[in-house]
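Residue-level listing of the chains:
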Amino acid sequence: MVDYEVDYSDVTGKKAECLDGCGMCCLCQPEVLPEERAFFKKNHPKCLVRSRGPDQYFALALKNGKGSCVFLNECGRRCKVYDHRTAYCRQFPYHIYVSDHVKVELDYSCRGIWTGNGPDALTEAKCLVSDADSRIAEALPQAREVYRQFYEYAREAGVMGDPSAIRMSVSENLSNFTDPMFLGRLLDLAELEAQVNIAGAKKESKISLEELSEAAGETVLDSLSSDDLFNLPVYGAEDLSWNLFQVDRDGKVIEWLLLDDRGEVHHKGFVDVSEVKLQPLEPDGRKVLEDYVAVLNGRDSFLGSVYYMMNENDYEDDLSNAYYGSLATSVLDVMWRAALLDHFFGTGMGARGIREAIIFYDMDRLDAPTIGAFV
Ligand code: SF4
Ligand code: SF4
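The notes below deal with the structure included here. Predicted model, so just to flag it, every value in this text is computed and none were measured. (Residues numbered from 1 in each chain as written. Chains lettered and ligands numbered in written order. Predicted model: local features only at pLDDT ≥ 70, side-chain atom pairs only at ≥ 80, totals over all residues. Heavy atoms only, no water.)

Looking at a negative patch on the surface
Part 1 of the argument: Among the surface-exposed residues, Asp188, Glu191, Glu211, Glu214, Glu218 and Asp222 lie close enough to one another that they form a single negatively charged patch.
Part 2 of the argument: Secondary-structure elements contributing two or more residues to the negative patch are α6 (180–192) and α8 (209–223).
Part 3 of the argument: For the negative patch, the element with the highest residue contribution is α8, accounting for 4 residues.
Part 4 of the argument: Using a relative accessible area of 55% as the deciding quantity, one classes glutamate 214 as exposed. (Patch = residues over 30% accessible without salt bridge, like charges linked within 9 Å, V, L, I, M, F, W, Y side chains within 5 Å. Areas by Shrake-Rupley, 256 points an atom, 1.4 Å probe, with all protein chains shown as cover. Salt bridge = Lys/Arg side-chain N within 4 Å of Asp/Glu carboxyl O. Lys, Arg positive; Asp, Glu negative; His and termini not counted. Charge placed at Lys NZ, Arg CZ, Asp CG, Glu CD. Helix = DSSP H or I, 4+ residues; strand = E, 2+ residues; numbered from the N terminus. Buried < 20%, exposed > 50% of the residue type's maximum accessible area, 1.4 Å probe, protein only.)

A few points about the pattern of salt bridges
Part 1 of the argument: With the rule as written, the count across this model stands at 20 salt bridges.
Part 2 of the argument: Close ionic contact of glutamate 74 with lysine 63 constitutes a salt bridge, the shortest N to O distance being 3.9 Å. Of the two residues, glutamate 74 is situated in the loop between β3 (58–60) and α2 (87–91) and lysine 63 in the loop between β3 and α2; the sequence distance between them amounts to 11 residues.
Part 3 of the argument: Among the salt bridges present, the one from aspartate 300 reaches arginine 167, with a minimum N-O distance of 3.1 Å. Of this pair, aspartate 300 sits in helix α10 (residues 300–312) while arginine 167 sits in helix α5 (residues 163–171), placing them 133 residues apart in sequence.
Part 4 of the argument: The buried category is assigned to arginine 167, whose relative accessible area is 19%.
Part 5 of the argument: Salt bridges sharing partners connect three or more residues here, namely Arg111, Glu238, Arg352, Arg355 and Glu356.

Remarks on the site of ligand 1
Part 1 of the argument: Surveying the vicinity of ligand 1 reveals the residues Cys18, Leu19, Cys22, Gly23, Met24, Cys25, Phe92, Cys110 and Gly112.
Part 2 of the argument: Taken together, the residues that form the shell around ligand 1 break down as 7 nonpolar, 2 polar and no charged. (Near = heavy atom within 4 Å. Nonpolar A, V, L, I, M, F, W, Y, C, P; charged D, E, K, R; others polar.)

Re helix α3 (residues 121–131)
Every α-helical turn comprises 3.6 residues, leaving residues that sit three or four positions apart pointing alike.
Part 1 of the argument: Within α3 the residues assigned to the buried category are Ala121, Ala125, Leu128 and Val129. Angular distribution of buried residues about the axis of α3 spans 100°; they occupy a single face of the element. Among the exposed residues of α3, those oriented more than 90 degrees off its buried face are Ser130 and Asp131. (Arc of directions from axis to C-beta.)

Thoughts on the packing of aromatic side chains
Aromatic ring pairs are defined here through the distance separating the ring centres and the angle between the ring planes.
Part 1 of the argument: Within this structure, the stated rule accounts for 22 aromatic pairs.
Part 2 of the argument: Where phenylalanine 150 meets tyrosine 151, the ring centres are 6.0 Å apart and the plane angle is 70°; that geometry is what we call edge-to-face. For the pair shown, phenylalanine 150 and tyrosine 151 are each scored as buried.
Part 3 of the argument: For the pair tyrosine 151 and tyrosine 307, a centre-to-centre distance of 6.0 Å together with 80° between the ring planes defines the contact as edge-to-face. (Phe/Tyr/Trp six-rings, centres within 6.5 Å; stacked < 30°, edge-to-face > 60°.)

Focus on the site of ligand 2
Part 1 of the argument: Residues in contact with ligand 2, as listed here, are Cys26, Pro30, Leu60, Cys69, Phe71, Leu72, Cys79, Val81 and Cys89.
Part 2 of the argument: Grouping the amino acids of the shell around ligand 2 by side-chain chemistry returns 9 nonpolar, no polar and no charged.

Remarks on the sheet that holds strand β6 (residues 234–236)
Part 1 of the argument: The 4 strands are arranged β6-β7-β8-β9 in an open sheet whose pairing can be described as antiparallel. For this open sheet the edge positions go to β6 and β9 (265–272), each flanked by a neighbour on one side alone. Averaged over neighbouring strand pairs, the angle between their axes works out to 30° when direction is ignored.
Part 2 of the argument: Relative to β9, strand β8 (residues 253–259) runs antiparallel, the two sharing 7 bridges. What sits directly across from valine 253, in β9, is aspartate 272.
Part 3 of the argument: Most of the contacts of helix α11 (residues 319–345) go to β9, to which it runs at about 110°, and overall it touches β6, β7 (242–247), β8 and β9. (Pairing = 2+ DSSP bridges. Axes fitted to C-alpha atoms, helices over the stretch in contact; angles between N-to-C directions. Contact = heavy atoms within 4.5 Å.)

Overview of the environment of serine 320
Part 1 of the argument: Residue placement: serine 320 occurs in helix α11.
Part 2 of the argument: By relative accessible area, which is 6% here, serine 320 ends up buried.
Part 3 of the argument: Taking the C-alpha atoms as reference points, serine 320 and methionine 160, separated by 160 residues in sequence, lie 8.5 Å from one another.
Part 4 of the argument: Those residues within four positions of serine 320 in sequence are excluded, and the remaining contacts are Ile166, Gln195, Val196 and Gly325.
Part 5 of the argument: Among the polar contacts made by the side chain of serine 320, one reaches the side chain of aspartate 318 at a distance of 2.6 Å. (Polar contact = N/O pair within 3.5 Å; in protein donor to acceptor, adjacent residues only side chain to side chain.)

Concerning the pairing of β7
Part 1 of the argument: Of all the 6 residues making up β7, 6 are buried; the element is thus mostly covered by neighbouring parts of the structure.
Part 2 of the argument: As defined by bridge partners, β6 adjoins β7 across 3 bridges and the pair is classed as antiparallel. Paired with valine 234 across the two strands is leucine 244, which belongs to β7.
Part 3 of the argument: The loop that links β6 with its antiparallel partner β7 comprises 5 residues; one of these, leucine 240, has a positive phi angle of about 70°.
Part 4 of the argument: Pairing between β7 and β8: 6 bridges, direction antiparallel. The residue bridging valine 247 from the neighbouring strand is isoleucine 254, located in β8.
Part 5 of the argument: Adjacent in sequence and paired antiparallel, β7 and β8 are bridged by 5 residues, among which glycine 251 carries a positive phi angle near 70°.

Remarks on the pairing of strand β5 (residues 102–106)
Part 1 of the argument: Counted residue by residue, β5 has 5 buried out of 5 residues, so it is predominantly covered.
Part 2 of the argument: Relative to β5, strand β1 (residues 6–7) is paired through 2 bridges, and the arrangement is parallel. If you follow valine 6 over to β5, its bridge partner there is valine 102.
Part 3 of the argument: Bridge count between strand β4 (residues 94–98) and β5: 5 bridges; the pairing is antiparallel. If you follow tyrosine 97 over to β5, its bridge partner there is lysine 103.
Part 4 of the argument: Taking the residues that link successive antiparallel strands as the turn, the β4-β5 hairpin has 3 residues.

Structural data, given as structure tokens:
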């Protein structure tokens, strides 16, 4: 018997609906849990496969190995095995993150959480947690041990700051976190100083928007550089089309591709990387971005991904440097994606453009390696 409390703060007061004809989450190749395999083995043996990607598990096959799940109907995008869909299909856009405690997080790539309509997210989340109880109980002792070890190593190395104080400092300076120049200075300080202090990043410095744009572009291009189309992030656009962006081997040109319902890919356009530049945000765009910074700052999986990076870097970085650096990189990434989407879709730098960039980015963000587990 494992005791745990669940933090529902991210879903409290929210609503989430599933939009007819969207199907974006059916591109994610959900895991098939042991207790779910019998149905697929018996009725659809060819549709149960080893997953793509580094972590191997049983999953549902994809159309052409890169499109949506084979069970997504091409006409109307409805699930053909709805009553037997996996636990992960049922959960989306909720994610249950297990660290040294349990938190429910929302996936902002889902359009259904941006409409302000649908069932109450807190009620839904409680049902999903209840259904996931045995998985949580299994994962929690392991995750607690991983976190205990992390704290021990980080304290020994003298790099363990106070995460609550760091998060509080972000909450108190949210508007700064939507200013690209501030973010650039924060990134500089994270490289130069042993311990970053937000006040230092508020001072004037000589960083240019051009330099920042290049740095932000490099981060995004990293995620658009896979030869395997399956590994590219998908942007589910306002017209519910599925769009991929792939950078060429020289890192100079981005190709825009459309993924259709049969898993086939069609060329739509090109843009020179040098043409995509960070642009000033409109006031309502800044507000949407500010809210998203608050979401990232509240996510335990975000903190877990910072811990993961510190562990990968052999505990060389102080928590404040790793945390502020990671947050600044994420926000610049969103701004750069907004510029990319604006180029192809004319979405602008206002509330609409930033919302679309977050929809494009958040699934990538939640996919970042972390020391806890999503169950
Ligand atoms: S991404 Fe959201 S709106 Fe789209 S199909 Fe999935 S749950 Fe529904
Ligand atoms: S089983 Fe159904 S809901 Fe789940 S990914 Fe496949 S089509 Fe989508």
